[in-house]
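Close look at the chain arrangement
As a plain string of letters, each chain reads:
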Amino acid sequence: TEAIGLYNLGQSCCLNSLLQVFLMNIRFTRILRRIIVPSSPAQRRNSVPYQMLLLLEKMQCGKSKAVGPTDLACCLSEHRVKLFVQHDAAQLFLTLWNLLKKQMKNPELVKELSDLYTICIQEHLACQKCSFEIKSNSTMLTLPLPVLDANSHRLKTLEDCLQCFFRPEELTGQNMCFCQQCGRNTNFLQSMKLVHVPQTLTLHLKRFCFERLSHTHKLSHPLPFPQELDLRKVLTENQCQADDGEKATWQYELFAVVAHSGSTSCGHYCAYIRSLTEGQWYCFNDSEVCQVSWDDVKCTYGHSNLYWRETAYLLFYMKKHPQ
């Protein structure tokens, strides 16, 4: 009863794929089932968490191969989420998550939702002329990983992308910062350090490259990603700001892949998700759902000459040993 499809309402493949990733995550549905049900019919119609809960129950109780997310889609449109248009999966994922967090009235559930998905990063700025430095912590829903290095060369693995994201960068020329100690603009070294990672870690592969005149093109070169990811082995000590107890939980297993096929102007999304109860991989392609193998999932690594083929865009990893 887990593998239930969602009918396409008209260019809703992106929404359908993300909903499947949310609702196949047992830790997320445990939070969803404990929400406070809005009191009035109007409030219930406009509550994203409640409409998502109704959709979950509809999927689990129905006997058909697919259900329509019409009520949830109408609810989203009331919150200025456009229907019948192409969406970017990373942007829509952030929009859905923000609406969920905003409308969950129980502070305890809001914290659990944040703990489930939120990444904590420390940004470090150090003047290269003196000892002045600035440290600030921020939270992110996804790690936006480059697939090209600073010289526009293709990165070859997911581990390379993570290394590139956390590699220090020197701010010179027009990018210089004002140093309070030196009293003038100086060269700074900017670095990012990982402080805390959530139970569900979301990685955004920046496959869409912006060029001049607002044109974009898709970077479809091969980029393998592992089934198991140990961040302790990928990042150096200088790229982490966490104690040993925190790092002990930095071992992950791939849970889902949201893949994009086609071009930037005409594309399609589907989701490959590993059932947390069976361990079996499924492909969710709108109303069509089928069992697949790991070899099928690996087909989303990318292909240099076939940009219209499915290419992984969002990767969701689940902690192997959550605290």
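Keep in mind that what you see is a predicted model, and the values were worked out from it rather than measured.

1. Points about the overall build of the protein
Within the protein, the secondary structure is distributed over eleven helices and 18 strands. In summary, the protein has a C-alpha radius of gyration of 21 Å against a globular reference of 20 Å for 323 residues, a match within 12%. Along the first, second and third principal axes, the C-alpha atoms of the protein reach 65 × 50 × 40 Å. When the accessible surface of the protein is totalled, it reaches about 16000 Å², and 49% of it is carbon and sulfur. Within the protein, one finds 34 positive and 29 negative side-chain charges whose respective centroids are separated by 4 Å.

2. Considering helix α5 (residues 70-78)
Among the residues of α5, those classed as buried are Leu-72, Ala-73, Cys-75 and Leu-76. What you see down the axis of α5 is that its buried residues fit within an arc of 160°, all on one side. Summarising the geometry of α5, the exposed residues directed more than 90 degrees from the buried face are Asp-71 and Glu-78. Downstream of α5 by one or two residues, Arg-80 has phi in the positive range, about 65°.

3. Focus: the pairing of strand β16 (residues 281-285)
Most of β16 is tucked away: four of the five residues are buried. Joining the antiparallel neighbours strand β15 (residues 267-274) and β16 is a turn of six residues, in which Gly-279 adopts a positive phi near 80°. When β16 meets strand β17 (residues 288-292), the two strands line up antiparallel, connected through five bridges. The partner of Cys-283 across the bridge, within β17, is Cys-290.

4. Some words on the domain arrangement of the protein
Segmentation of the protein into domains returns domain 1 (1-118) and domain 2 (142-166 + 199-322). Summarising the inter-unit geometry, the C-alpha centres of domain 1 and domain 2 are found 22 Å apart. For the pairing of domain 1 and domain 2, the buried interface totals around 2500 Å² over both sides, and the portion due to carbon and sulfur atoms is 61%. On the domain 1 side of the contact with domain 2, Val-21, Met-24 and Arg-27 bury the most area, a combined 21% of that side's loss. There are one salt bridge connecting domain 1 and domain 2. One salt bridge connects Glu-288 with Lys-65, and the closest N-O pair in it is separated by 2.7 Å.

5. Let's talk about the pattern of salt bridges
Two side chains that carry opposite charge are able to pair once their charged atoms sit near each other. Scanning all chains against the criterion turns up eight salt bridges. Where Lys-247 meets Glu-237, a salt bridge forms, and the shortest distance between an N and an O atom there is 3.1 Å. Of the two residues, Lys-247 is situated in helix α10 (residues 244-247) and Glu-237 in the loop between α9 (231-234) and α10; the sequence distance between them amounts to ten residues. Judged by its relative accessible area of 61%, Glu-237 is exposed.

6. Looking at unusual backbone geometry
With a phi angle near 60°, Phe-84 is a residue other than glycine that sits in the positive phi range. When you line up the elements, Phe-84 lands in the loop between α5 and α6 (89-103). The class of Phe-84 is exposed, set by a relative accessible area of 54%. Backbone geometry at Ser-152 places phi at a positive 65°, although glycine is not the residue there.

7. So, the packing of aromatic side chains
The full count for this structure, using the stated rule, is twelve aromatic pairs. Aromatic side chains Phe-22 and Phe-28 sit 5.0 Å apart centroid to centroid with 45° between the ring planes, which places their arrangement in the tilted category. What makes Phe-28 buried here is its relative accessible area of 0%. When the centroid spacing of 5.4 Å and the interplanar angle of 85° are considered together, the rings of Phe-93 and Phe-316 count as edge-to-face. Of this pair, Phe-93 sits in helix α6 while Phe-316 sits in strand β18 (residues 311-319), and the two are 223 residues apart along the sequence. Residues Phe-93 and Phe-316 agree in their burial class; the two are buried. Members of the aromatic cluster, connected to one another through ring pairs, are Phe-22, Phe-28, Phe-93, Tyr-117 and Phe-316.

Thresholds applied
- Residues numbered from 1 in each chain as written.
- Predicted model: local features only at pLDDT ≥ 70, side-chain atom pairs only at ≥ 80, totals over all residues.
- Heavy atoms only, no water.
- Helix = DSSP H or I, 4+ residues; strand = E, 2+ residues; numbered from the N terminus.
- Rg over C-alpha atoms; globule rule 2.2 N^0.38 Å.
- Areas by Shrake-Rupley, 256 points an atom, 1.4 Å probe, with all protein chains shown as cover.
- Lys, Arg positive; Asp, Glu negative; His and termini not counted.
- Charge placed at Lys NZ, Arg CZ, Asp CG, Glu CD.
- Buried < 20%, exposed > 50% of the residue type's maximum accessible area, 1.4 Å probe, protein only.
- Arc of directions from axis to C-beta.
- Pairing = 2+ DSSP bridges.
- Domains from an automatic or database assignment.
- Buried area = accessible area lost by both parts, 1.4 Å probe.
- Salt bridge = Lys/Arg side-chain N within 4 Å of Asp/Glu carboxyl O.
- Phe/Tyr/Trp six-rings, centres within 6.5 Å; stacked < 30°, edge-to-face > 60°.

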